[in-house]
Amino acid sequence: MNGSPRQIDLLIQGGIILCMDAERRVLEGHCIAIDKGLILEICPDSADKYQPKQSIDASDCIVMPGLINLHTHLAMTYFRGLADDLPLERWLNDYIWPLEARLLNRDFIYHAALHGAAEMIKNGITQINDMYFNMAAIADACTAAGLRAVIGEVVLDNGKGSPKKREFGSMVLEYRQRYADNPLIDFCLTPHSIYACSRDSLEQVVHASRKHNILLHMHLSETRSEVEQCQKERGCKPVQYLKEIGMLDCPAIYAHGIWLDEEEIDLLSGTPSSIAICTDSNLKLASGILPLASYLKKGINACFATDGVASNNNLDILAEMDCTAKLHKAITGDPCFLPAPQVLAMATVESARALGVERQRGSLEAGKDADICILSLNGVESQPLYNPYSQVVYNLGSKQVRDVVIQGEVVLRHGKLQKLDEAELLGFSRQYQNQIKAELKL
């Protein structure tokens, strides 16, 4: 190259870089060179080494891997604040499910998912693991926003079985082929829950997962009554039931996992299972608090999720991290439990491991996808700074998310969405809000 600067797509310069790699390197005075969606290298800052098409000055910022949201219902974003302060069963049966039966169509799902994707990005989230209907509408919304997503093929038969045999996993394979050229989108199988799926359906899901190496994503033991129902109708505890049908042999993400006892936690230990921690949602619905210390003691991978905004009211992983860490310090009586570096790992590299993509993302390393969150420290509420991990977990929030890069593309710059029009998003939100109010006669 005769010593001339190398042309690249993007260069991030300055700031404190939390690599979240195996060595947990914290770098200053370095830059991140990005080209063709990948991190080319992280090296001492050199103004003449690269000639970028775009650059980001990250001075007075923390630069870290993008956050991963391990359990979401993206298209429920338009149900934010609807029927609050109710128990889960009444909330679902009297409000959410009837509304979904009347309102769900492709346009509703697309625009609600687009709104949710915008919120995710503004909260520093670069990848989600979603469970909802109409995979194509959600995939197209996430693509339009520039958000990375694993989208679920829903299995839901109300526990009665389907009169017509369905080959579960076929839609996953079809959609993987349809979106093969889209690096942001992948698909998984999402049986809703034990109580909403027949044994026959769950056995077919297990077969499809084994045959085609498909990740599973499922609600598990979210309420005490759900556990009691499983014991009454199936004669065993939920995790024992999943072991019977072979699901514990499959890579899977289980959302909530609140009411597991030590015997069930032992069964999960050593399996390719991860738990999606939904602290804010579980507290708001008074569902309970998961036995996180037991999970971690038994080596079970536990990571962060928001659930949907209908049961959480926001999509803020930084808030989940802060709340969860403090709550479980109090529960264990140990202020050293869940130190800040471990908490951030659970929101990045460990979440990537749960999705089976830890070689591609979750940390900032050469050769990995350029999925990056930049948090501003340029505010009186963000200073002084002594420990960057502690600052991220206990101090910084979504309002400090300044820039977001996904697959090497800047999708949020100085707090402004780059691929979406926020005014247009708000217009659609108000339109559908009026439609929902009319349905509920509010």
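Quick caveat: nothing in here was measured; it's all calculated off a predicted structure.

In terms of regular secondary structure, the chain is built from 16 helices and 19 strands. Relative to the compact-globule value of 22 Å for 442 residues, the chain shows a C-alpha radius of gyration of 22 Å, a close match. Expressed along its principal axes, the backbone C-alpha trace of the chain runs to roughly 70 × 50 × 45 Å. Taken across its 442 residues, the chain has 57% of its residues classed as buried.

With respect to the secondary-structure elements, T348 resides in the loop between α13 (340-347) and α14 (349-354). At 2.8 Å, the side chain of T348 and the backbone oxygen of L344 are in polar contact. If we skip the residues at most four places from it in the chain, T348 touches M20, P65, G66, L67, I68 and G362.

For a regular strand, side chains alternate in direction, first toward one face of the sheet and then toward the other. Across the five residues of strand β7 (residues 61-65), five count as buried, placing the element largely inside the fold. Pairing analysis gives two bridges linking strand β2 (residues 16-18) to β7, with the strands arranged parallel. Paired with I16 across the strands is I62, a residue of β7. Bridge count between β7 and strand β16 (residues 372-376): five bridges; the pairing is antiparallel. Looking at the pairing, C61 lines up with S376 of β16.

Let us look at the environment of I300. Summarising the element assignment, I300 is placed in the loop between α10 (292-297) and β15 (301-304). Each C-alpha atom, one on I300 and one on E381, is 35 Å from the other, the two residues being 81 residues apart in sequence.

Attention shifts here to α13. Of all eight residues making up α13, six are buried, and the element is well covered by its neighbours. Taken together, the buried positions of α13 are occupied by A340, V343, L344, A345, M346 and A347.

We now examine the packing of helix α2 (residues 106-122) against helix α16 (residues 422-440). Contact pair α2 / α16: the axes reach a minimum separation of 10 Å and the direction vectors enclose 130 degrees. Relative to α16, the element α2 is oriented oblique. Once α2 is placed against α16, the crossing between them reads as left-handed. For the pair α2 and α16, contact is made by D107, F108, H111, L114, H115, A118 and K122 and by E422, L425, F428, S429, Y432 and I436, respectively. In the contact of α2 with α16, the residues fall into seven nonpolar, three polar and three charged.

This brings us to the sheet that holds β16. Strand order in the open sheet formed by seven strands is β3-β2-β7-β16-β17-β18-β19, and the pairing between neighbours is mixed. Each edge of the open sheet is held by one strand with a lone partner, namely β3 (26-28) and β19 (416-417). Here four bridges tie β16 to strand β17 (residues 401-406), and the two strands are oriented antiparallel to one another. Residue I374 lies in a different strand from β17, and its bridge partner there is D403.

Under the definition given, this model contains four cavities of 30 Å³ or more. Its boundaries defined by the atoms lining it, the largest cavity holds a volume of some 270 Å³. Forming the boundary of the largest cavity are 22 residues, of which H73, M76, L92, H192 and H219 lie nearest the centre. The element best represented in the lining of the largest cavity is helix α1 (residues 88-103), accounting for six residues. In terms of residue class, the lining of the largest cavity is made up of 13 nonpolar, six polar and three charged.

In this section: α16. Its 19 residues give α16 an end-to-end C-alpha distance of 27 Å, which sits within 8% of 27 Å, the value for a rise of 1.5 Å per residue. Buried within α16 we find L425, S429, Y432 and I436. The buried residues of α16 occupy an angular sector of 80 degrees when projected down its axis, which confines them to one face. For α16, the exposed residues set more than 90 degrees away from the buried face come down to A423, R430 and A438. Elements that come into contact with the buried residues of α16 comprise α1, α2 and β19. With a side-chain oxygen positioned 2.9 Å from the backbone nitrogen of A423, the residue opening α16 is D421. Where α16 terminates, the next one or two residues include K441, which has phi positive at roughly 60 degrees.

Once that is clear, we can look at a nonpolar patch on the surface. On the surface, L283, I289 and I331 cluster together into a nonpolar patch covering about 250 Å² of accessible area. Inspection of the secondary structure puts L283 in helix α9 (residues 279-284).

With mixed pairing, four strands are arranged side by side in an open sheet as β5-β4-β1-β6. The sheet is open, and its two borders are formed by β5 (38-44) and β6 (50-57), each paired with just one other strand. Strand-to-strand twist of the sheet, defined as the mean angle between neighbouring strand axes without regard to direction, takes the value 30 degrees. Relative to β5, strand β4 (residues 30-35) runs antiparallel, the two sharing six bridges. Within β5, the position partnered with A33 by the bridge is E41.

By volume, the largest pocket is sized at about 510 Å³. Looking at the largest pocket, it is lined by 28 residues, and the ones nearest its centre are D186, L215, L355, G356 and V357. Secondary structure elements with two or more residues in the lining of the largest pocket: β10 (148-155), β11 (185-191), β14 (273-277) and α14. If you tally residues by element for the lining of the largest pocket, the top one is β11, at four residues. The class makeup of the residues in the lining of the largest pocket is 15 nonpolar, seven polar and six charged. A volume near 240 Å³ is recorded for the second largest pocket. Listed by contribution, the elements that provide at least two residues to the lining of the second largest pocket are α1 and α6 (224-234). Classifying every residue of the lining of the second largest pocket gives five nonpolar, five polar and two charged.

What counts as what
- Residues numbered from 1 in each chain as written.
- Predicted model: local features only at pLDDT ≥ 70, side-chain atom pairs only at ≥ 80, totals over all residues.
- Heavy atoms only, no water.
- Helix = DSSP H or I, 4+ residues; strand = E, 2+ residues; numbered from the N terminus.
- Rg over C-alpha atoms; globule rule 2.2 N^0.38 Å.
- Buried < 20%, exposed > 50% of the residue type's maximum accessible area, 1.4 Å probe, protein only.
- Polar contact = N/O pair within 3.5 Å; in protein donor to acceptor, adjacent residues only side chain to side chain.
- Contact = heavy atoms within 4.5 Å.
- Pairing = 2+ DSSP bridges.
- Axes fitted to C-alpha atoms, helices over the stretch in contact; angles between N-to-C directions.
- Parallel < 35°, antiparallel > 145°, perpendicular 65-115°, else oblique.
- Left-handed = near helix turned anticlockwise from the far one by under 90°.
- Nonpolar A, V, L, I, M, F, W, Y, C, P; charged D, E, K, R; others polar.
- 1 Å grid on protein atoms, 1.4 Å probe; cavity = no way out; pocket = protein on both sides within 12 Å on 5 of 7 lines; lining within 4 Å.
- Points joined across faces, edges and corners; volume = space filled by probe spheres on them.
- Expected span 1.5 Å × (residues − 1).
- Arc of directions from axis to C-beta.
- Patch = residues over 30% accessible without salt bridge, like charges linked within 9 Å, V, L, I, M, F, W, Y side chains within 5 Å.
- Areas by Shrake-Rupley, 256 points an atom, 1.4 Å probe, with all protein chains shown as cover.
- Salt bridge = Lys/Arg side-chain N within 4 Å of Asp/Glu carboxyl O.

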